[in-house]
Amino acid sequence: MKEQVTLELGTEAAAAVESPASESASWKDFVQLAKPGILFSNSITAFGGFWVASGWHVDWMKLIFTLLGTALVMASGCVLNNYLDRDMDTKMERTQKRALAAGRISPQTVLWYGITLGIIGLSVLWFLANPIAALLGLIGLFVYVWIYTAWFKRSSVWSTVVGSFSGAVPPVIGYCAVNPQLDAGAIVLFGILFLWQPPHFWALGIRRMEEYRAAGFPLLPVVKGTYITKMAMIRYIVLLVPFSLLLYLFGYVGSLYFYAATVLGLYWAFISLNGFKAEDEVQWAKKTFIFSINYLILLFIAMVISTTPLP
């Protein structure tokens, strides 16, 4: 009986999302649809990629246009993610107050908002950075919206890994805006972000596990439990530590980055190992999630500061 009532409530909530907005939306609602936190952290990685490729010889106008175009493409993906997940968002406490889930903005408005952002962002990259950067943006957008959000996120525990492919694109866009080829630098930057994302997101998954379960997302912690998830997190972090050092070994950055990447990576591994004996898994997951964000920001700051100057 309880499951039937829950199902009925979920159906009513989903129907409410499809109805026209009952309240007028503010500009803040449109900003939040683009997920500014994600835009900020990923813009840092795009900046880092651009800076490493430039070797301190920075074309500032191209940098601005690259960051603008990349941010708009990422915003498009986030908005379209909101559009496709609108039925699920009504079932999660973390997302119920989003403008679309709460009915302040209509689905049609969100859809066209996302499409418009994508078109503008890709145009900026194509005409004001270079076509390679725009192509990378298009690939990342397609994978995030259609392969990850519309397909794997609802059907497979592999969704986080699939989503990591698109999430690893921003630093490569920045790098290829300067150096339009997928060389060792671009591949290493891609690999760093690819390996960073699963343990980052699985920490959030453990923290919000029951919400994801209620919404029907087959996230790894929901399907396999927290022990298996913690083991998976450790595997990615252990791979990330030596892989992140390849930038130093290939001569793109100096010793400051080497020491920062080593210390940050080992400390993240230490925190993750502590998860196996954590009495409060939610608090441990929260701490791990916050550190993973700080890890990325600090790593890219060290990367920028210690970038090897080009002749």
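Residue numbering note: each chain is counted from 1, following its sequence as written. Predicted model: local features are reported for residues with pLDDT of at least 70 only, side-chain atom pairs are reported and counted for 80 or more only, and whole-chain, interface and lining totals are derived from all residues. Excluded from the side-chain calculations are hydrogens and water; all other atoms, namely the structure's heavy atoms, are used.

**Concerning the nonpolar core**
- By nonpolar core we mean a set of buried residues, namely Ala, Val, Leu, Ile, Met, Phe, Trp, Tyr and Cys, connected to one another through side-chain atoms within 4.5 Å. Buried residues are those whose accessible area, probed at 1.4 Å on protein chains only, stays under 20% of the maximum for their type, while exposed residues exceed 50% and partly exposed ones sit between those limits. Counting 75 residues, the largest nonpolar core has Tyr175, Ile192, Tyr212, Leu247, Tyr257, Tyr295 and Met303 as the members making the most contacts within it.
- For this core, the leading source of residues is helix 10 (residues 184-207), giving 13 residues.
- Whether two residues are in contact is decided by their heavy atoms, any of which lying within 4.5 Å being enough. Residue contacts for Tyr175: discarding those within four places in its chain leaves Gly49, Phe50, Val52, Ala53, Gln181, Asp183, Gly185, Ala186, Leu189 and Tyr252.
- With 13 residues, the next largest nonpolar core counts Leu39, Leu72, Val110 and Leu117 among its residues. Helix and strand assignments follow DSSP, with helices taken as H or I runs no shorter than four residues and strands as E runs no shorter than two, numbered in order from the N terminus.

**Things to note about helix 10**
- Look at helix 10: 36 Å from first C-alpha to last across 24 residues, which is about the 34 Å you get at 1.5 Å a residue.
- Bend at a given residue is defined as the angle between two axes, one fitted to the seven residues that end at that position and one fitted to the seven that begin there. At Gln197, helix 10 is bent by approximately 25°, the largest bend along its length, and proline Pro198 sits one to four residues beyond.
- Here helix 10 lies mainly inside the structure; 20 of its 24 residues are buried.
- Near the N-terminus of helix 10, the side chain that reaches the backbone nitrogen of Gly185, with its oxygen 3.2 Å away, is that of Asp183. A helix is expected to span 1.5 Å multiplied by its residue count minus one. Think of a polar contact as two N or O atoms within 3.5 Å of one another; within protein, one of them needs to be a possible hydrogen donor and the other a possible acceptor, and neighboring residues in sequence only count if both atoms come from side chains.

**Description of the environment of Gly118**
- Summarising the element assignment, Gly118 is placed in helix 6 (residues 107-128).
- For Gly118, a relative accessible area of 4% puts it in the buried group.
- Along the chain, Gly118 and Gly69 lie 49 residues apart, while their C-alpha atoms are 8.8 Å from each other.
- Sequence-distant contacts of Gly118, defined by excluding residues within four places in its chain, comprise Leu72, Val73 and Ser76.

**Side note on helix 16 (residues 281-305)**
- For helix 16, with 25 residues, the first-to-last C-alpha span of 36 Å sits near the 36 Å given by 1.5 Å per residue.
- Sitting at the amino-terminal end of helix 16 is Asp280, which places a side-chain oxygen 3.2 Å from the backbone nitrogen of Val282.

**Thoughts on the packing of aromatic side chains**
- Pairing of aromatic side chains here covers Phe, Tyr and the six-membered ring of Trp, requires ring centres within 6.5 Å, and sorts the geometry by plane angle: under 30 degrees stacked, over 60 edge-to-face, intermediate tilted. In the structure shown here, the tally under the stated rule is 20 aromatic pairs.
- Grouped by ring-pair contacts, the aromatic residues Tyr267, Trp268, Phe270, Phe291 and Tyr295 constitute a single cluster.
- The side chain of Arg86 reaches across the aromatic face of Tyr83, ending 4.3 Å from its centre.
- In our convention, an over-ring charge means Lys NZ or Arg CZ found within 6 Å of a ring centre and within 35 degrees of that ring's normal. Positioned over the ring face of Phe217 is Lys153, at 5.1 Å from the centre of the ring.

**Some words on the packing of helix 3 (residues 36-54) against helix 9 (residues 170-178)**
- In contact at an axis separation of 7 Å, helix 3 and helix 9 are set at 30° when each is read in the N-to-C sense. Here helix 3 is positioned roughly parallel relative to helix 9, judged by the angle of their axes. Regarding helix 3 and helix 9, the two cross each other, and that crossing is right-handed. Here Asn42, Thr45, Ala46, Gly49, Phe50, Val52, Ala53 and Ser54 of helix 3 lie close against helix 9, whose contacting residues are Pro170, Pro171, Gly174, Tyr175, Ala177 and Val178. Axis geometry follows a simple rule: fit a line to the C-alpha atoms, using only the stretch in contact for helices, then measure angles between N-to-C directions, giving values from 0 to 180 degrees. Roughly parallel here means an angle under 35 degrees, roughly antiparallel means over 145, roughly perpendicular means 65 to 115, and every remaining angle is called oblique. A clockwise turn of the near helix away from the far one marks a right-handed crossing, whereas an anticlockwise turn of less than a right angle marks a left-handed crossing.

**With respect to the pattern of salt bridges**
- Any carboxyl oxygen of Asp or Glu within 4 Å of a side-chain nitrogen of Lys or Arg constitutes a salt bridge here. Per the counting criterion, the structure on display carries eight salt bridges.
- The partner of Arg98 in a salt bridge is Asp89, with the nearest N and O atoms 3.2 Å apart.
- Residue Arg213 pairs with Glu210 through a salt bridge whose shortest N-O separation is 3.1 Å. Note that Arg213 and Glu210 are positioned in helix 11 (residues 209-215) at a spacing of three residues, about one turn of the helix.
- For Glu210, a relative accessible area of 49% gives the class partly exposed.
- Via salt bridges that share partners, Asp85, Asp87, Lys153 and Arg154 belong to a single interconnected network.

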